[in-house]
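# Working through the structure, step by step
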Amino acid sequence: MDWTDRHCRAFHRALSARALLYTEMVTAPAVVHGDRDKLLGFDAVEHPVALQLGGSDPAQLAEAARIGEQYGYDEINLNVGCPSDRVQSGKFGACLMREPELVADCMAAIKEAVSVPATVKCRIGVDNQDPEVSLFATVDASAAVGIDTFIVHARKAWLKGLSPKENRDVPPLDYALVRRLKRERPHLSISINGGIASLDEAEAHLDDTGGVRLDGVMLGRAAYHEPALLGQADRRLFGSAGADVDAFEALERYRPYLRARLEEGVHLAHMTRHMLGVMHGRPGARAFRRILTVEGVKSGAGLEVVDRAADAVREAEARLEAHDDAA
């Protein structure tokens, strides 16, 4: 939430043509009663893209799902994993792990309302639940109403005692339990999420370790903070032919989107904030971030700011290469 907005997704699509992108979690009441274009509008370049909903009222979720399908989303996903204070008070997100039958009712309503895939993203449990019970109960209840695709964040959410930020790191990961779920429910599509920091780790999860091959890997913070890794995803994870997408090429691909949004009055900084990590680990990365951060917020900032930031990296790399040649 507050990270993977439409500008972020358009940039990530410039790096990977194959990865399935997800929206921020949008609550069903907001979709039904709020500014739909603001909440759901997206650029066609983002496909394939899934709409992630939050809520616990089956009828309201069904209506929100119908609206999402009308907007052109390729999948409707129910969030049963977000641990924020707001979702706890609203009886959705991770607290729904305590009510697998309600999750199933919600998913049945969503599935009946749309023709695109309806999927679940969940934790392995909350608070003092036994994950070996709570995870299987949640998945089995939804599978019983025809849901076949689950993305599992492989750690508990502690709704009492930990902040939302701490819930992303403190509860221990249990990848083995997710593999067990796939082994014992081989007919279901099971993707894994949580603490996966590189494509090397993603590939390891997709190996058939112990005779179990997971169906997918979801990256969150790694993809956001080091988006350049997505430039290798099509080749390494999807087997696509062709060269990887370099960070500079991604900036060129993103350029038409930037230009179009600037012409619509979108501030440059609203888009470039999602690009800050794309040069991670390269000479000049700090200058790249500084230029985008300091100059991108100025009134009238345009594509020339992105060009200057990219040039700072090129110049730093050229200096380093010249130094190496001299040595």
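Please refer to the structure placed before this passage.
Residues numbered from 1 in each chain as written. Predicted model: local features only at pLDDT ≥ 70, side-chain atom pairs only at ≥ 80, totals over all residues. Heavy atoms only, no water.

When helices and strands are tallied, the chain shows 15 helices and seven strands. Taking 20 Å as the expected radius of gyration for a compact globule of 327 residues, we find that the chain reaches 21 Å, a close match to that expectation. Projected onto its principal axes, the C-alpha positions of the chain cover 65 × 45 × 40 Å. Evaluated residue by residue, the chain yields a buried proportion of 50% over its 327 residues. Look at the contacts in the chain between residues 6 or more apart in sequence, and 73% of them connect residues 24 or more apart. On the chain, roughly 14,900 Å² of surface is accessible, and the fraction owed to carbon and sulfur atoms is 50%. (Helix = DSSP H or I, 4+ residues; strand = E, 2+ residues; numbered from the N terminus. Rg over C-alpha atoms; globule rule 2.2 N^0.38 Å. Buried < 20%, exposed > 50% of the residue type's maximum accessible area, 1.4 Å probe, protein only. Contact = heavy atoms within 4.5 Å. Areas by Shrake-Rupley, 256 points an atom, 1.4 Å probe, with all protein chains shown as cover.)

A few words on helix α14 (residues 285–295). Among all positions of α14, only Ala-285, Phe-288, Ile-291, Leu-292 and Glu-295 are buried. For α14, the angular spread of the buried residues around the axis is 140°, confining them to a single face. (Arc of directions from axis to C-beta.)

For the rest of this paragraph, the subject is unusual backbone geometry. For the bond running from His-47 to Pro-48, omega is -5°, close enough to zero to count as cis. If you trace the backbone, Pro-48 turns up in the loop between α3 (36–40) and β2 (49–54). With a phi close to 70°, Asp-2 is a non-glycine residue in the positive phi region. On the basis of relative accessibility, which here comes to 57%, the residue Asp-2 falls in the exposed class. Unlike most non-glycine residues, Asp-127 shows phi in positive territory, near 50°. You can call Asp-127 buried: its relative accessible area is 7%.

Attention now moves to the pairing of strand β6 (residues 189–193). It is a general feature of regular strands that their side chains alternate between the two faces of the sheet. Along β6, four of the five residues are buried, which leaves the element largely enclosed by surrounding structure. The pairing of strand β5 (residues 149–153) with β6 spans five bridges and is parallel. Residue pairing in the sheet places Thr-149 in a bridge with Ser-189 of β6. Considered for its hand, the β-α-β crossover made up of β5, helix α8 (residues 175–184) and β6 is right-handed. Here three bridges tie β6 to strand β7 (residues 216–218), and the two strands are oriented parallel to one another. (Pairing = 2+ DSSP bridges. Right-handed = clockwise from strand over helix to strand, strands pointing away.)

Take the side chain of Glu-75 next. In this structure, Glu-75 sits in strand β3 (residues 75–80). Of the side chains with opposite charge, Arg-13 comes closest to the buried, unpaired Glu-75, at an N-O distance of 11 Å. Separated by 3.0 Å, the side chains of Glu-75 and Tyr-22 make a polar contact. Looking at Glu-75, its side chain comes within polar contact range of the side chain of Thr-119, at 2.6 Å. Residues contacting Glu-75, with those up to four places away along its chain left out, are Leu-20, Tyr-22, Val-49, Ala-50, Leu-51, Val-116, Pro-117 and Thr-119. (Lys, Arg positive; Asp, Glu negative; His and termini not counted. Salt bridge = Lys/Arg side-chain N within 4 Å of Asp/Glu carboxyl O. Polar contact = N/O pair within 3.5 Å; in protein donor to acceptor, adjacent residues only side chain to side chain.)

Strand order in the open sheet formed by seven strands is β1-β2-β3-β4-β5-β6-β7, with parallel pairing between adjacent strands. Across the chains shown, the open sheet's two edge strands, defined by having one partner strand only, are β1 (21–27) and β7. Pairs of neighbouring strands in the sheet enclose a mean axial angle of 25°, with direction left out of account. Its contacts with the sheet place helix α4 (residues 58–71) against β2 and β3, and it is angled at close to 160° to β2. Packed onto the sheet, helix α7 (residues 131–143) meets β4 (118–122) and β5 and runs at close to 160° relative to β5. (Axes fitted to C-alpha atoms, helices over the stretch in contact; angles between N-to-C directions.)

A word on the pattern of salt bridges. This model, assessed by the stated rule, comprises 22 salt bridges. Glu-249 is the salt-bridge partner of Arg-253, the closest N and O atoms lying 2.8 Å from each other. Of this pair, Arg-253 and Glu-249 are both found in helix α12 (residues 247–263), four residues apart, which corresponds to roughly one turn of the helix. The exposure class assigned to Arg-253 is partly exposed, which follows from its relative accessible area of 43%. A cluster of three or more residues bridged by salt bridges with shared partners is formed by Glu-132, Asp-140, Arg-180, Glu-184 and Arg-185.

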